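If you want the building blocks of each chain, they are given just below.
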Amino acid sequence: MTYRIPSLAVGVLVLLLAACRSDSSPDVHRPYIDLSGTWQFALDTADTGIAQKWFLSELEDTIQLPGTTDSNRKGFANTDTTTRRLNREYTYEGPAWYRKQVVIPEHFRDQHVRLFIERTKPAAVWVDDTRVGESMLLQSPQIYDLTGVVEPGEHTISIRVDNSLELTPYGNSHIYSNDTQTNWNGMIGEMRIEARPMTYIENLRVYPDIVNRKVDIEISIENPLGIREARIELQAVREENGESTVLERRSVETTLDSLIHLEYYLGDEMRLWDDYEQPLYHLTATLSYGGTRDSDTAVFGMRDFSVSGTQFQINGRTTFLRGKHDGALFPLTGHTPMDVESWERIFQIAQSYGINHYRFHSWSPPEAAFIAADRVGIFLQTELPFWGGLDSDSVAYMLREEGYAMLKHYANHPSFVMFSHGNEIWSGHERVEENIRALRNFDDRPLYTQGSNNNIGYLGPGKSSEFFVASRTPYAHDTTLTHTRLTHAFVDSRDGGILNTRTPSTDIRFDYPVSQIDIPLVTHEIAQYQIYPDYEEIDKYTGVLQPWNLEVFRSRLEKAGMLDQRFDFQRASGALSALCYKEEMEAALRTENLAGFQLLDLQDFPGQGTALVGILDVFMDSKGVVSREEWLQSCNDVVVMLEFPKYTWTGGETFQAKVRVANYSRSDVREDLAWEIRDRQNAVIEKGRLTDVFIPQGSVQTVGEISVILPDGTGAEMLTVDVSLENTPYANSYPAWVYPPADDPLFPGDVKVASRLDDEAFSILDAGGRVLLFPETDDVADVSFPGLFPPDFWNFGMFKRISENAGAPVSPGTLGLLMDPDHPLFNAFPTDFHTNWQWFSIIKESNSLILDDTPDEYRPLVQVIDNLERNHKLGLLFEFSVGEGKLLVCMSQLENITDKPEARQLYHSILKYMNSEAFRPAHSISREELSDLFR
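Starting from 1, residues in each chain are numbered consecutively following that chain's sequence as written. Thresholds applied to this predicted model are a pLDDT of at least 70 for local features of residues and 80 or more for the giving and counting of side-chain atom pairs; totals over whole chains, interfaces and linings are not thresholded and use all residues. Note that the side-chain values use all heavy atoms of the structure and ignore hydrogens as well as water.

Caption draft 1: Molecular detail of the nonpolar core. In plain words, nonpolar cores are sets of buried Ala, Val, Leu, Ile, Met, Phe, Trp, Tyr and Cys residues tied together by side-chain atoms within 4.5 Å. Note on exposure labels: buried denotes an accessible area under 20% of the residue type's maximum, exposed denotes more than 50%, and partly exposed covers the range between, all computed with a 1.4 Å probe on protein chains only. The biggest cluster of nonpolar side chains holds 199 residues, and the ones touching the most others in it are Phe-347 and Trp-839. When neighbours within four sequence positions are excluded, Trp-839 is seen to be in contact with Phe-789, Leu-817, Met-819, Phe-826, Phe-829, Thr-831, Val-862, Leu-876 and Leu-906. Counting 28 residues, the second-largest nonpolar core is a separate cluster that includes Phe-41, Tyr-98, Val-125 and Leu-146. Throughout, a residue-residue contact means that at least one pair of heavy atoms, one from each residue, lies within 4.5 Å.

Caption draft 2: Spotlight on the confidence of the model for the protein chain. On a scale of 0 to 100, pLDDT captures the predictor's confidence in every residue. Taken as a whole, the protein chain shows an average pLDDT of 95; of its residues, 97% reach a score of 70 or greater. The low-confidence segment residues 1-23, where pLDDT is below 50, has 63 contacts with residues more than four positions distant or belonging to other chains.

Caption draft 3: Region of the structure containing helix α5 (residues 429-442). Strands are runs of DSSP state E lasting at least 2 residues, helices are runs of H or I lasting at least 4, and numbering of each runs from the N terminus. Residue count minus one, scaled by 1.5 Å, sets the expected span of a helix. Over its 14 residues, α5 runs 20 Å from end to end, which matches the ideal 20 Å to within 8%, given 1.5 Å per residue. Of the residues making up α5, those classed as buried are Arg-431, Val-432, Glu-433, Asn-435, Ile-436, Ala-438 and Leu-439. Looking at the packing, one finds that the buried side of α5 touches α4 (393-410), β31 (416-420), β32 (423-427) and β33 (447-449).

Caption draft 4: Region of the structure containing the environment of Gln-905. Considering the arrangement of structural elements, one finds Gln-905 in helix α14 (residues 901-914). The class of Gln-905 is buried, set by a relative accessible area of 6%. Spatially, the C-alpha atoms of Gln-905 and Met-620 are 41 Å apart, while their sequence positions differ by 285 residues.

Caption draft 5: Representation of the state of the cysteines within the structure. Note on disulfides: each one is a pair of cysteine sulfur atoms within 2.5 Å. Within this structure, the stated rule accounts for 0 disulfides. Counting only cysteine sulfurs, Cys-635 is the nearest neighbor of Cys-580, a cysteine outside any disulfide, at a range of 16 Å.

Caption draft 6: Just the pairing of strand β46 (residues 751-754), in detail. DSSP calls a pair of strands paired once it identifies at least 2 bridges connecting them. Across 4 bridges, β46 lies against strand β47 (residues 770-773) in parallel orientation. Paired with Lys-752 across the strands is Val-771, a residue of β47. After leaving β46, the chain enters helix α11 (residues 759-766) and then returns to the sheet as β47, a path that is right-handed. Seen with its strands pointing away from the viewer, a crossover is right-handed when the path leading from the first strand over the helix to the second is clockwise.

Caption draft 7: Structural view of the packing of helix α2 (residues 340-352) against helix α3 (residues 367-376). The axes are straight lines fitted to the C-alpha atoms, using for helices just the contacting stretch, and the angles between their N-to-C directions are given from 0 to 180°. Running from N to C, α2 and α3 cross one another at 45°; their axes reach a closest spacing of 8 Å. Taken as axis vectors, α2 and α3 run oblique relative to one another. In terms of crossing hand, the pair formed by α2 and α3 is right-handed. Facing α2, whose interface residues are Val-340, Trp-343, Glu-344, Phe-347, Gln-348 and Gln-351, α3 presents Ala-368, Ala-369, Ile-371, Ala-372, Ala-373, Arg-375 and Val-376. Across the contact of α2 with α3, the residue classes break down as 9 nonpolar, 2 polar and 2 charged. Should an angle fall under 35 degrees it is taken as roughly parallel, and over 145 as roughly antiparallel, whereas 65 to 115 is taken as roughly perpendicular and any remaining angle as oblique. The sense of a crossing depends on the near helix, which, turned anticlockwise from the far helix by less than a right angle, makes the crossing left-handed and, turned clockwise, makes it right-handed. Classification used: nonpolar for Ala, Val, Leu, Ile, Met, Phe, Trp, Tyr, Cys and Pro, charged for Asp, Glu, Lys and Arg, polar for all others including Gly.

Caption draft 8: Region of the structure containing the sheet that holds strand β14 (residues 153-162). An order of β4-β3-β9-β14-β11-β12 is seen for the 6 strands of this open sheet, with the pairing classed as antiparallel. The two strands at the open ends of the sheet, each matched to only one other strand, are β4 (61-65) and β12 (130-135). Adjacent strand axes in the sheet meet at a mean angle of 30° when their direction is disregarded. Sheet analysis places strand β3 (residues 37-43) next to β4, joined by 5 bridges and oriented antiparallel. By the bridge assignment, Gln-40 is partnered in β4 with Thr-62.

Caption draft 9: Quick peek at the packing of α4 against α5. Interhelical geometry of α4 versus α5 gives an angle of 25° and a closest axis separation of 10 Å. In terms of their interaxial angle, α4 and α5 are classed as roughly parallel. The chirality of how α4 crosses α5 is right-handed. In this structure, α4 uses Asp-393, Ala-396, Leu-399, Arg-400, Gly-403, Tyr-404, Leu-407 and Lys-408 to contact α5, whose residues at the interface are Arg-431, Glu-434, Asn-435, Ala-438, Leu-439 and Phe-442. Classifying every residue of the contact of α4 with α5 gives 7 nonpolar, 2 polar and 5 charged.

Caption draft 10: Spatial organisation of the environment of Ser-841. Among the secondary structure elements, Ser-841 is positioned in helix α13 (residues 840-844). Note: C-alpha distance between Ser-841 and His-524 (317 residues apart in sequence) is 28 Å. Those residues within four positions of Ser-841 in sequence are excluded, and the remaining contacts are Ile-897, Lys-900, Glu-902 and Ala-903. Each polar contact in these results corresponds to two N or O atoms within 3.5 Å; when the atoms are within protein, one needs to be able to donate a hydrogen and the other to accept it, and residues that are neighboring in sequence are counted only if both atoms are side-chain atoms. Engagement of the side chain of Ser-841 in a polar contact is seen with the side chain of Glu-902, the distance being 2.7 Å.

Caption draft 11: Structural view of the environment of Glu-928. Assignment of secondary structure puts Glu-928 in helix α15 (residues 927-933). By relative accessible area, Glu-928 is classed as exposed at 52%. Along the sequence, Glu-928 and Leu-876 sit 52 residues apart, while their C-alpha atoms lie 21 Å from each other.

Caption draft 12: Expanded view of the sheet that holds strand β16 (residues 200-209). Spatially, 3 strands are ordered β16-β17-β21 in an open sheet, and the strand pairing comes out antiparallel. Pairing within the sheet leaves two strands with one partner each, and these edge strands are β16 and β21 (259-265). The average angle at which neighbouring strand axes cross in this sheet is 20°, direction not considered. Here β16 pairs with strand β17 (residues 214-222) via 9 bridges, running antiparallel. Directly across from Asp-209, in β17, lies its bridge partner Lys-214.

Caption draft 13: Region of interest: the side chain of Lys-873. With respect to the element layout, Lys-873 can be found in the loop between β51 (862-866) and β52 (874-882). None of His or the chain ends enter the tally, which takes Lys and Arg as positive and Asp and Glu as negative. Here, a salt bridge means any side-chain nitrogen of Lys or Arg that lies within 4 Å of a carboxyl oxygen of Asp or Glu. Buried charge without a partner: Lys-873 forms no salt bridge, and the closest opposite charge is Asp-856, 5.4 Å away. In terms of polar contacts, Lys-873 uses its side chain to reach the side chain of Thr-854, at 3.0 Å. With near-sequence residues (within four places) excluded, Lys-873 lies in contact with Met-562, Leu-849, Ile-850, Leu-851, Asp-852, Thr-854, Pro-855, Asp-856, Tyr-858, Arg-859, Pro-860 and Gln-863.

Pasting the structure below:
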């Protein structure tokens, strides 16, 4: 029998059945004492508290818990203004003591009593003068047995929390790094003393079986009383779309073993959980013997997240992970949220940008995140708190214990689908393999992998890995053939990888690396494109972390005389970053049999050198660099794509593009597909349609082609190619540039073209002439930076140090171009205000000259945006009045690449401008000042 009740009554029903309890919140069948509030407090800077028995002494200070030393403004005022990360106002590393008097009520007598601390650092607990235990768990609740120690009456609980990093040698794990949520000291989340019968349910695990429409239930029993027979009652409640359905109550008389296996059949009441629908079941198991009862509740979803070949399936439907990295970034609190509402907000924002998957980098969130992901429909990959080489048996053991606890507390959640041993593990792989085998033997519900990007992809998956997360697949040396993302740091791949070395196109795929791995391959930390800061964001930092790094960078920009350009820098670098993100995601989506991607990141990462790589800021607010609608063109369950070999064309050529659609929605797609090509005035040049296009669910299909002879006019044109599936929200848009054929030689007119500022050039200038200067690359090597097409990878400072230490090339470190598209220089060369694909060959043949010695108000015609650390004024195209003459400097060697239609056209546009009345440089420079710029 089942019955339904309206949503207004859900809360009452839940209280009656204990059905909405999460593992971290108290069960209504188990009385508890809430320990939140004011505690006595003391820092133990000399680590003398144990020897001096502080657990027996009044502590002079107080602190509010749940909370941290940071949130309570305890510790030492921070004077470190490092630009590598956000800065804590107060810091403390070491032991700290927390002490509170509690009154144990009479009804706790003869009960199993335990202390529950949802999240803290390595801790030890005393009750009065008795040390009751210690725990090293970082990302699971710490639970201490107080049975027999606390009789009814008044007692003192003393807790020593030690956040010394030497206690947990896990590398730069995000569970405690000051680059992420900080190495806080304190206790957060639920804190309570709870009682349960002496014979009680220790753990309740639920294993969904969607084929047989049932769940297998495993109940762990602690039975110090030696009870032989008992009754187990099972009650399930399904929550779906604001309604609760009470399912049939079932009971069984059973012999009370330490492990009891039961089944609960759902039959027609089974509803499947996935990323589209989130019906959740709350199963309460009640143990009864004599007049005693004990209950526990598990929240689960009916789902089967599994491997099929090289892809994942959810309930038999092929899915593609559109993932987001989570680096534990919480700038207001300095620690993870412990409430469901905060996590729901985070997941809902990510989901609105097409994200269906989260990868937690070397940490695990608390119970609240799993609950929120269950409700929103996000597939979670969580990780052990490890980043480094696992060269110690003791560390391996500690991590295994951490894994057991995580599985015990979180694995019932349907959102918990993947488990990784950590990030970029570079040694000790035999210990990793042993741990993964042990964890999977303990609980085989999530899928396991040995780590995310171990040995930066050069090491293949281990025997126990059920999926593989990597930035490349194994090979003897670096080659872009094996890359699974478009960019790398210069230290990890020649010139940063594909996007900076290959002529832009929309036909890049990762077919080869996918063919080398026989399990699902997920691309690791793709799209690390730096965006210039929006310094208005500084005002948002009202919590425990301060943006002193951003304030320093802002001061440097002001000192460089370019503070007025901060919005333009952010807008232009952001627009280029969005273009690169688009290409990254579509390269993954157009690859058949790829299992998914993990972005780094949708949001900024203001640590590890200040890596502002997100289209959202660290608060998950839009930075305004790309609209949600534009973003969803390339990050959605259905993505319509064009494949063509180049972005720049010559008039009269035939533009040919394959239409390719990735369909990872819930069903097959059968619709007409419309396309059109428009010019800058929005006039339609050509259009067409593909009728009755069919894309089976779970596939990537080429569904047709576009073939159009491009206009053979005398001018250059920027075109837009739109494609859309009719009667759906799925559409996409691409730019293309058409240039006149190279029929006629370039005509310099009255312009003298020079490669050096020699006597002849100055003579022409002195006489009032016009000079176009292409400085020789070798001549400016010491005062310029080589051309870099994509924005700098991650951040400049961090990888500069890494490259220098490794003896590897250092990235140029720039963030793209800024220009005025309405300037007459571009009358014959259509452009945006930012870098777009037609600039690739021009940038790659260029150096950007340092113009720091020019006046603050001076601006290049085409400015190269420097990174936020250096803040050089950099010029690609710039002009001066020199005496009576006029000079334009082009730092790209266009004469070497006139076979590129875009380079030839820019050269033509420059000459046309310089031969016109519009060529009137506003800034004058002396011969000496000019010469100084080039040496």
